[in-house]
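What follows is the residue order along each chain.
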Amino acid sequence: MRGTSRQLPDWFAIALVTGTSAAVLVLEILAGRVLAPYVGVNLETYTAIIGTILAGIALGARLGGAAADRHDPRRLIPLLLVVGGALAMSSIPIVRVLGGSTGAGGRGAPSVLLAAAAFLPSAAVLSAVPPAVIKLQLRDLEETGHVVGRLSAWSTAGAIAGTFIAGFVLVAYAAVSTLIVSVGVALVAAGALMAALSRRTAPRELLAAGGLVAVAVGGVALVEQPCDVQSGYYCISITTDPDRADGRVLELDDLRHSYVALDDPAHLEFWYVRRIVGAIETLAPAGDVDVIALGGGAMTVPRYLATTRPGSRQIVLEIDPDLVDVVEDEFGLPVARDRIIVGDGRVGLRALPDDSADVIVGDAFGSRAVPWHLATEEFMADIERVLRPGGIYVANMIDGPGESFLRAETATIRTSMPFVGVMRSPDLVGGFVGNAVAVASTEPLDLAAWDAERRRGTDAGALVDDVDAYLDGALVLTDDFAPVDQLIAGAR
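Caption draft 1: Examining the sheet that holds strand β2 (residues 235–240) more closely. Taking strand neighbours across the sheet as the criterion, the four strands line up as β1-β2-β3-β4 in an open arrangement whose pairing is antiparallel. The strands lining the two open edges of the sheet, one partner per strand, are β1 (229–230) and β4 (255–261). Bridging between strand β3 (residues 247–252) and β4 involves six bridges; their strand directions are antiparallel. The partner of L250 across the bridge, within β4, is S258. Sheet strands in contact with helix α11 (residues 321–330) are β1, β2 and β3, and its direction is about 20° off that of β2.

Okay, here's the thing in structure tokens:
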């Protein structure tokens, strides 16, 4: 069959290379959301995904070109489309099974292995289509450069379109699993149609490919989804506390993020929330206050303040509109909807006036890390701008035994607010991964009162006694250099 196949219509060849390349990049964008419930959202996750997809593209181009030299491309391309679509759909059950539904903080396969197992096969198979199409379209060596260049350009254009469409449009309108299945179904349908029209693919080959499709569809249907709501940012779940009937835990991806007691909005379950509230109660002005919350979650602190200081004026900056909807439906909102600014926290804070807040609470996370652009010297300067003189910034952080990030972030905070205190959780004091809370101001702080409040509540933990010594040699994070994920990873 070599050298005997007719060329495809030009528009169809372009559609094949554009569509398959777009599909690969759509899968790459969606992979981050599929993996997030198991490995979180951080630089490591996206590095694993990008590396995996690039490896798949390289492997598919190499093997697809070799296969096109040995087999009729008109027979090969339909199989690649059907198998690629089936493998795309199978990525969902593969991640759910290998990732392991181990609950909050559970870890299954590492991010590189999980990404490779789920997305390398489909990326490789789909990336074998463009070289097969190019082989089919080549008829005159004098036009080799023209044919290869034109189809390669269309392939790249498809990849660009897939990236933009997935990231800017699709994730806002459908669940990630629905989008991946839709991509798979479209590829399978295109392959089946081409096989029917070309009549070059053997029935047994189509039957085997169809069996793979059936397995993939069955896997999607049978393997349980790990969350209640898949938003464009998080895999959101609400679980009930088995020890408290009205207790609800908000889980975002693989992290227990917030706790709400439905019958007691002043109940503070988590250590770090009690320490944040303790800082507000002992270091902020008495009475009603103006508060800005960076990161909403279940809005536990705003909920507490709405109960204990009902005249306080609060603004919540939350990036995920779907999360706000879930919190409203499940728990109710502690502030008016127009006091919730949906969007990036740094952009939202930039729009707020000078000297407009008594308290700013930093509790925005991407997995276990503070988003790097909310941890820099430049961002701290903006926080100081918005705080009134004597106002406090109180921030939750997660770190490991080396405390490299905690030290770096505290040193960074101190570039704008020179009076700083740090309280470490029992886990962190004990040499494990855990929370810490830092508080800062432009005016002296009564840190002894903050620590006394902790001891009255019988909470364990420790206040850093000598902040100067603790921060000696610590890195100051800037917009130009803020290796937040690496600092945390090195501390595990």
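Caption draft 2: The packing of helix α3 (residues 73–99) against helix α7 (residues 176–198), seen in detail. Interhelical geometry of α3 versus α7 gives an angle of 160° and a closest axis separation of 8 Å. With respect to α7, the axis of α3 lies roughly antiparallel. By crossing handedness, the relation of α3 to α7 is classed as left-handed. A per-class count over the contact of α3 with α7 returns 17 nonpolar, seven polar and two charged.

Caption draft 3: Focus on unusual backbone geometry. Even without a glycine there, the phi angle at M299 is positive, about 60°. Looking at M299, the relative accessible area reads 1%, which means it is buried. In this structure, T458 is a non-glycine residue whose phi angle is positive, near 65°. Position of T458 relative to the elements: it lies in the loop between α16 (447–456) and β12 (462–463).

Caption draft 4: Seen up close, the pairing of strand β6 (residues 313–318). With five of six residues buried, β6 lies mostly within the body of the structure. With five bridges joining them, strand β5 (residues 290–294) and β6 adopt parallel strand pairing. If you follow I292 over to β6, its bridge partner there is I315. What joins β5 to β6 is helix α10 (residues 300–308), and the crossover it makes is right-handed. Where β6 meets strand β7 (residues 340–342), three bridges bridge the pair, whose relative direction is parallel. The residue bridging L317 from the neighbouring strand is I341, located in β7.

Caption draft 5: Inspection of helix α14 (residues 404–413) at higher detail. Of all 10 residues making up α14, eight are buried, and the element is well covered by its neighbours. All buried positions along α14 are accounted for by F405, L406, A408, E409, T410, A411, T412 and I413.

Caption draft 6: Representation of the sheet that holds β12. Reading across from one edge, β7-β6-β5-β8-β9-β11-β10-β12 is the order of the eight strands in this open sheet, with mixed pairing throughout. Taken across any chain shown, the strands that pair with only one partner, and hence form the sheet edges, are β7 and β12. By the bridge criterion, five bridges tie strand β8 (residues 357–362) to strand β9 (residues 387–399) in an arrangement that is parallel. By the bridge assignment for β9, V361 is matched with V394.

Caption draft 7: Just the packing of α3 against helix α4 (residues 111–127), in detail. Taken N-terminus to C-terminus, the directions of α3 and α4 make an angle of 175°; their axes are 8 Å apart at the nearest point. In terms of axis orientation, α3 runs roughly antiparallel to α4. Contact residues: α3 offers L80, V83, G84, L87, A88, S91, I94, V95, L98 and G99, while α4 offers L114, A117, A118, F119, P121, S122, V125 and L126. Considered class by class, the residues forming the contact of α3 with α4 number 14 nonpolar, four polar and no charged.

Caption draft 8: Quick look at the layout of surface pockets. Taken as a whole, the largest pocket encloses approximately 1,200 Å³ of empty space. Along the wall of the largest pocket there are 49 residues; nearest its centre are V41, Y46, Y233, I319 and G366. Looking at the lining of the largest pocket, the elements that each hand over two or more residues are α1 (10–39), α2 (43–70), α6 (144–168), β6, α11 and α18 (484–490). The biggest single contributor to the lining of the largest pocket is α2, with four residues. Among the residues making up the lining of the largest pocket, the classes are represented as 28 nonpolar, 12 polar and nine charged.

Caption draft 9: A look at the state of the cysteines. If you walk through the whole model with that rule in mind, you get one disulfide. Each sulfur of the disulfide joining C227 and C235 lies 2.2 Å from the other. Taking the sign of the torsion about the S-S bond as the criterion, the disulfide between C227 and C235, at about -125°, is left-handed. Here C227 falls in the buried class, since its relative accessible area comes to 8%. Its relative accessible area of 1% is what places C235 among the buried residues.

Caption draft 10: Local environment of the nonpolar core. Judged by nonpolar contacts, the single largest core of 53 residues is most densely connected at L16, L35, I77, V95, F119, V133 and L151. Every element with two or more residues in this core is listed here: α1, α2, α3, α4, α5 (129–137), α6 and α7. In this structure I77 touches L16, V129, A132, V133 and M194, once residues within four positions along its chain are discounted. By size, the runner-up hydrophobic cluster in this structure holds 46 residues, among which are I292, L317, A395 and L428.

Caption draft 11: Looking closely at the pattern of salt bridges. Taken as a whole and assessed by the stated rule, the structure comprises 20 salt bridges. Between D10 and R150 there is a salt bridge; the shortest N-O distance is 2.6 Å. With D10 in helix α1 and R150 in helix α6, this pair connects stretches of sequence that are 140 residues apart. Residues R346 and D479 are paired through a salt bridge, measuring 2.7 Å at the closest nitrogen-oxygen approach. On the criterion of sequence distance, the pair formed by R346 in helix α12 (residues 345–350) and D479 in the loop between α17 (467–470) and α18 is long-range, its members being 133 residues apart. Residue R346 is classed as buried on the basis of its relative accessible area, which comes to 14%.

Caption draft 12: Representation of the side chain of S177 within the structure. Here S177 shows up in helix α7. Accessibility expressed as a relative area gives 18% for S177, which makes it buried.

What counts and how
- Within every chain, residues take consecutive numbers counted from 1 along the sequence as written.
- Under the rules for a predicted model, residues below a pLDDT of 70 receive no local features and side-chain atom pairs below 80 are neither given nor counted, while totals for whole chains, interfaces and linings still include all residues.
- To obtain the side-chain values, all non-hydrogen atoms of the structure were included, while hydrogens and water were left out.
- A pair of strands is treated as paired once DSSP finds two or more bridges between them.
- Runs of E in the DSSP output that reach at least two residues are strands. Runs of H or I that reach at least four are helices, and both are numbered from the N terminus.
- Whether two residues are in contact is decided by their heavy atoms, any of which lying within 4.5 Å being enough.
- Axis definition: a line fitted to C-alpha atoms, limited for helices to the stretch in contact. Angles are taken between N-to-C directions and run from 0 to 180 degrees.
- An angle below 35 degrees is treated as roughly parallel, one above 145 as roughly antiparallel, one from 65 to 115 as roughly perpendicular, and anything else as oblique.
- Crossings are classed by handedness, with left-handed meaning an anticlockwise turn of the near helix from the far one by less than a right angle and right-handed meaning a clockwise turn.
- Three residue categories are used. Nonpolar comprises Ala, Val, Leu, Ile, Met, Phe, Trp, Tyr, Cys and Pro, charged comprises Asp, Glu, Lys and Arg, and polar comprises the others, including Gly.
- A 1.4 Å probe rolled over the protein chains alone gives each residue an accessible area, and that area as a share of the maximum for its type sets the label: buried under 20%, exposed over 50%, partly exposed in between.
- If the strands point away from the viewer and the path from the first strand over the helix to the second runs clockwise, then the crossover is right-handed.
- Here a cavity denotes grid points, spaced 1 Å and computed from the protein atoms alone, that fit a 1.4 Å probe unable to get out, and a pocket denotes an open set having protein on both sides within 12 Å along at least 5 of 7 lines; residues with an atom within 4 Å of a point are the lining.
- Grid points are joined across faces, edges and corners, and a volume is the space filled by probe spheres set on the points.
- Two cysteine sulfur atoms make up a disulfide if the distance between them is within 2.5 Å.
- Throughout this description, the term nonpolar core refers to a set of buried Ala, Val, Leu, Ile, Met, Phe, Trp, Tyr and Cys residues connected via side-chain atoms within 4.5 Å.
- In the sections that follow, a salt bridge refers to a side-chain nitrogen of Lys or Arg positioned within 4 Å of a carboxyl oxygen of Asp or Glu.

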